[in-house]
Amino acid sequence: MSTVETTYTKADFQSDAETRWCPGCGDYAILAAVQGFMPELGIPPEQIVFVSGIGCAGRFSYYMDTYGMHGIHGRGPALATGLATAREDLSIWVVTGDGDALSIGGNHLIHALRRNVPVNILLFNNQIYGLTKGQASPTSERGKVTKSTPFGSSDAPFNPVSLALGADASFVARTLDKDKKHLAATLRAAAAHPGASLVEIYQNCPVFNDGAFAELTDKDHAALNQIRLVAGEPVVFGPEDRRRAVVHGADGDLAIVDLAAADEASIVVHDPTRENPALAFALSRLASHPDGPTPIGVFRDVERHVYASDTPPPAVPSAEQLDGLLHAGDTWTVA
Amino acid sequence: MSMVEGRPKRQEVRERVVVRFAGDSGDGMQLAGDRFTAATAAFGNDLATLPDFPAEIRAPAGTIGGVSAFQIHFASRDILTPGDRPNVLVAMNPAALRANLGLLDRGATIILNEDAFTVRAIQKAGYTSNPLEDDSLDAFAVKRVPMTSLTQAAVEALEDVTTRDAQKSRNVFALGLISWLYDRPLDHTEAWIEEKFAKKPHVAAANVAALRAGWSFGETSELIDVQVSVPAATDVPPGTYRNVNGTQTTALGLIAASTASGLPLVLGAYPITPASELLHELSRHAKLGVRTVQAEDEIAAASIALGAAFGGSLGVTSTSGPGMDLKTETIGLAVMLELPMIIIDVQRAGPSTGLPTKTEQSDLLQALHGRHGESPIPVVAASTPGQCFDAALEAARIAIRYRTPVILLTDLFLANSSEPWKIPDVGELPGIDPHLRTKPSGPDEPFLPYSRDDDLARAWAIPGTPGLQHRIGGLEKADLTGAISYEGPNHQRMTDLRAAKVAGIEVPDVEVHGDEDATLLVLGWGSSRGAIRAGARRARESGAKVATAHLHNLNPLPENLGDVLRSYDRVLLPEMNCGQLAMVLRAKYLVDIESYSRVEGRPLFAPEIEQAILERTS
């Protein structure tokens, strides 16, 4: 029997479910990018599973013509861990949001990263609770006025990239819903990574938090504020690459300086494969919030022990094995 | 070996004996009890055991709170409970004596470690005067044995043995003494010691010396003048047996279900007393393909089981009371997804942290109803340590056949206590066909994940199956397609379907035992089976007419249950809760069921059931 190499198209990954996000939602762009990217994997749709939690992002799994499970709030990484435990042959993707992943599901996220479970986690960060109609989220900035924080949020936000690096994630990246090319490249890198990958996607919520990332995505500001991390390249950005990240001070902190003020020797050269996550962490702290220069790209991409990679997949004991087990230890026979 | 040259000891034959080993939690009482049990099982007695230990790993030494005990009931006829009142109490220190004295009837034998009765230890146990010197033990046959110094003397000549090794061998001395008293051969225990301490020969030597010293003391000392023999049981059905506790059989039942269904077993669990033992037990069988995941929390443990089930495994999660609270959300999702999943609740006394090392059956209503929305799920309860095997298989059969989460209720008493178990014939175990969909039903025919068979079980296709890609989730499903639906009439239909599916699960009829002309039925569920049967047997010996029945399926209930209940003048329902099943049955069958309720952190005892029966039959 000859084998026919099947090639897939974007249409093979589009389910017939009607998409129900608000007009203009950043989720549409992400969905299109993911559906457009999937054929590149060369993996049949039936070998792919999307697991999602609750929130606007949670609907994502219904729109992919793969296997999918729309789970419960925050538990996506735990459900996916169970699936990955049972099935090492699948390509598993988790879609989550800032509330889902970092608030109610924070524990599951850090443990999936700690264990390095082979799943790709796409964290749609819009810095607001959208589905519940506009409360502050764990990534909302201090002082943010929302329905649940009428006098401004007093809580400090998480930086998801810092959090993931702190959990020793082996792959951490950040990308933008509005940059199709960068988004696809980041998905590609995540898919190629063995073990857990966390991709934070800045995603605009046009209804409850419109323009949260305008400083990064608007034409006028993008060039000023996007710090594109490129492996092997010095971390420089801005018009004519006149701004650069330099090591600043003895504690390894980074600072952004102008060309004129930069000591060329202290310019950071990006290397996501560094075992030590300190520099990646320092890069993540360059911007605690996207209202100024903010790094996007792959912060860390290292190989370390992948969850369950040293144990065979679960199997069914044979009748003989079961019989041996039942008779283990001291037995006696009554005639 | 029951004769001392020239000085025969009196021999006594008894049908049944209850021995209780008690000491500090660091004294090795569980080990001594466990080894005595193994020797007794191998000897051919029927037996039942009850370990009883404190929640603290090492409570302050010598205090009442730190007392750990192990009780074994063994007999030459079939027995149903670990026994109620010990014939012999082995007390390794004053606290162990004081904590357990109340369990003894007049005339019971107390064998105590005399060396441990120092002024300080006596005070620490809360005594105001020395019980060996006042009259508080007059009602008992007290045997004062200087176990510490005798053990020390027995091992001091050995090489490399420290005082500490000698101290740690006291329990084995006590074991040797009790082995002599009940005429148990030592070879079985010695072989175990040699194997256990193979890498520490000096420890093995110390233990063997202590064991033999205990035996010799019994044989030669005039202090103990009678040797008791309990002949091997003769009314035991033919077969191969082993001694098991409920944790082991639950694990074996789950593994058997994996073999029977062809679905790999994946357990998600978070450490919690007393369910951790099941995680430990299943973790040992990784080489057979059993996969265990120690999750970050109870929620993840349940989610891992459900995620694995989605992938086509037999997903299991195990816990105890507080963990059930946390798993509830995931169980609700499993109801909606209609995927097989087994949730094992090894019940302990609640609420909240409650009494973590004491037994109870108070999670029944939670199992039946403790979820938001209309979310009926099957509930199975195990009744004896051996029966946990069947209960686990039954839970798996229902879960896989009907695509539903199933709660399996055991309890701390079942998990820890042991009995001889007839090993089932693998060839006779029922098969469980998961009926996985493997291909589309026709060209261009869409897969309908919520289409159903005659038993209302939905079509199940697992990831990796070409052409059957589909999405499921916690939002209400449209009938047949499984698409999201917010339509009211569809919600009504799906609610009805889920309820009808569970209500229609085939479960065996409840069996009634006992007198045909009885007017009183004693109904039970869970681990009270032994106490109820034994209590009824004793009541019958006093002339009472009584019938008993025991439920293993709590949802759905056996179809004949209503008729059975209505055919008796009185129905008594003993439970280790405040009448939970009684409430359910009264509501469902409108039968005036009387509740017998105890929540004292202990199993129900046969004498109290006997008493309750006699009060209602005479």
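All values derive from a computational prediction rather than experimental measurement.

Peer 1: Got a minute to help me understand the UniProt feature "domain: Pyruvate/ketoisovalerate oxidoreductase catalytic" (unreviewed entry) in chain B in this structure?
Peer 2: Per the UniProt record, the feature "domain: Pyruvate/ketoisovalerate oxidoreductase catalytic" (unreviewed entry) sits at residues 26–214 of chain B. In residues 26–214 of chain B, helix accounts for 42% and strand for 16%; the two terminal C-alpha atoms are 20 Å from one another.

Peer 1: Just checking my understanding: could you explain the interface of chain A and chain B for this structure?
Peer 2: Often, the extent of an interface is quoted as the loss of accessible area on bringing the components together. Contacts between chain A and chain B engage 51 residues on the former and 61 residues on the latter. Among the elements of the structure, β2 (67–70), α2 (76–86), α4 (106–115), α10 (319–326) and β12 (331–334) of chain A are those that each provide at least two residues to the side of chain A that touches chain B. Along the lines of polarity and charge, the residues of the side of chain A that touches chain B split into 25 nonpolar, 19 polar and seven charged. Bridge analysis of β12 of chain A against strand β11 (residues 239–245) of chain B gives four bridges, and the strand direction is antiparallel. Bridging across to β11 of chain B, Val334 of chain A finds its partner in Gly239 of chain B.

Peer 1: What's the story with the nonpolar core in this structure? I'm lost.
Peer 2: Looking at soluble globular proteins, one finds that nonpolar side chains tend to be buried together. Counting 271 residues, the largest nonpolar core has Leu83 of chain A together with Ala22, Ala396 and Leu408 of chain B as its most contacted members. Considering each element in turn, this core owes the most residues, eleven residues, to helix α14 (residues 387–402) of chain B. Other than its neighbours up to four places away in sequence, Leu83 of chain A contacts Val49, Val51, Leu90 and Ile92 of chain A together with Gly307, Ala308, Phe310 and Gly311 of chain B. In terms of nonpolar packing, the next biggest core, distinct from the first, is built from five residues, Ala459, Ala461, Ile462 and Leu468 of chain B among them.

Peer 1: Is there a simple way to think about the sheet that holds strand β9 (residues 243–247) of chain A in this case?
Peer 2: Residue and element names in this part refer to chain A. In space, the three strands of this open sheet follow the order β8-β9-β10, with antiparallel pairing throughout. At either margin of the open sheet sits one strand with a lone partner, and together these are β8 (236–237) and β10 (254–258). Here two bridges tie β8 to β9, and the two strands are oriented antiparallel to one another. Bridge pairing links Val236 to Arg244 in β9.

Peer 1: Mind showing me how you'd approach the packing of helix α9 (residues 246–261) of chain B against helix α10 (residues 276–283) of chain B here?
Peer 2: The angle between the axes and the distance between the axes are what describe a pair of packed helices. Residue and element names in this part refer to chain B. At a closest axis distance of 9 Å, the pairing of α9 and α10 adopts a crossing angle of 50 degrees. Relative to α10, α9 is oriented oblique. Considering the relative orientation of α9 and α10, their crossing is right-handed. Packed against α9, whose contacting residues are Thr247, Gln248, Thr250 and Ala251, the element α10 presents Glu277, Leu278, Glu281 and Leu282 at the interface. Looking at side-chain class alone, the contact of α9 with α10 contains three nonpolar, three polar and two charged residues.

Peer 1: Before we go on, may I ask you to explain the domain arrangement of chain B in this structure?
Peer 2: Residues and elements named next belong to chain B. You can read the domains of chain B as domain 1 (3–229), domain 2 (242–428), domain 3 (435–506) and domain 4 (512–617). A straight line from the C-alpha centre of domain 1 to that of domain 4 covers 36 Å. Contacts between the two partners involve five residues from domain 1 and, on the opposite side, eight residues from domain 4. Tallied by class, residues from the side of domain 1 that touches domain 4 come to three nonpolar, one polar and one charged.

Peer 1: It is not clear to me how the UniProt feature "domain: Thiamine pyrophosphate enzyme TPP-binding" (unreviewed entry) in chain A should be interpreted in this structure. Could you clarify?
Peer 2: If you check UniProt for "domain: Thiamine pyrophosphate enzyme TPP-binding" (unreviewed entry), the listed places come out as residues 61–201 of chain A in our numbering. Within residues 61–201 of chain A, the helical portion is 34% and the strand portion 20%, while the C-alpha atoms at the span's ends are 16 Å from each other.

Peer 1: Looking at this structure, how should I read the confidence of the model for chain B?
Peer 2: Predicted coordinates in regions of low pLDDT should not be interpreted in detail. Mean pLDDT for chain B: 94, with 99% of residues reaching 70 or above. Reported confidences for the modelled complex are a pTM of 0.94 and an ipTM of 0.97.

Peer 1: Please explain the packing of helix α1 (residues 29–43) of chain B against helix α7 (residues 187–196) of chain B as it appears in this structure.
Peer 2: All names here are of chain B. One way to put it is that α1 packs onto α7 with a least axis distance of 9 Å and a crossing angle of 130 degrees. By the angle between their axes, α1 is oblique relative to α7. As for how α1 packs across α7, the hand of that crossing is right-handed. Where α1 abuts α7, its residues Arg35, Ala38, Ala39 and Ala42 lie against His188, Thr189 and Trp192. Class assignment for the residues of the contact of α1 with α7 results in four nonpolar, two polar and one charged.

Peer 1: Hey, could you run me through the pairing of strand β9 (residues 141–145) of chain B in this one?
Peer 2: Side-chain positions along a regular strand alternate between the two faces of the sheet. Residue and element names in this part refer to chain B. Examined bridge by bridge, strand β8 (residues 109–113) and β9 share five bridges and lie parallel to one another. When the sheet's bridge partners are listed, Asn113 is paired in β9 with Val145. Crossover connection from β8 via helix α3 (residues 119–124) to parallel β9: handedness right-handed.

Cut-off values and rules
Residues numbered from 1 in each chain as written. Chains lettered and ligands numbered in written order. Predicted model: local features only at pLDDT ≥ 70, side-chain atom pairs only at ≥ 80, totals over all residues. UniProt positions renumbered as here; feature names shortened; annotations may be inferred. Helix = DSSP H or I, 4+ residues; strand = E, 2+ residues; numbered from the N terminus. Contact = placed C-beta atoms within 7 Å. Nonpolar A, V, L, I, M, F, W, Y, C, P; charged D, E, K, R; others polar. Pairing = 2+ DSSP bridges. Core = buried A, V, L, I, M, F, W, Y, C linked by C-beta atoms within 7 Å. Buried ≥ 20, exposed ≤ 12 C-beta atoms within 10 Å, placed from the backbone. Axes fitted to C-alpha atoms, helices over the stretch in contact; angles between N-to-C directions. Parallel < 35°, antiparallel > 145°, perpendicular 65-115°, else oblique. Left-handed = near helix turned anticlockwise from the far one by under 90°. Domains from an automatic or database assignment. pLDDT = per-residue confidence, 0-100. Right-handed = clockwise from strand over helix to strand, strands pointing away.

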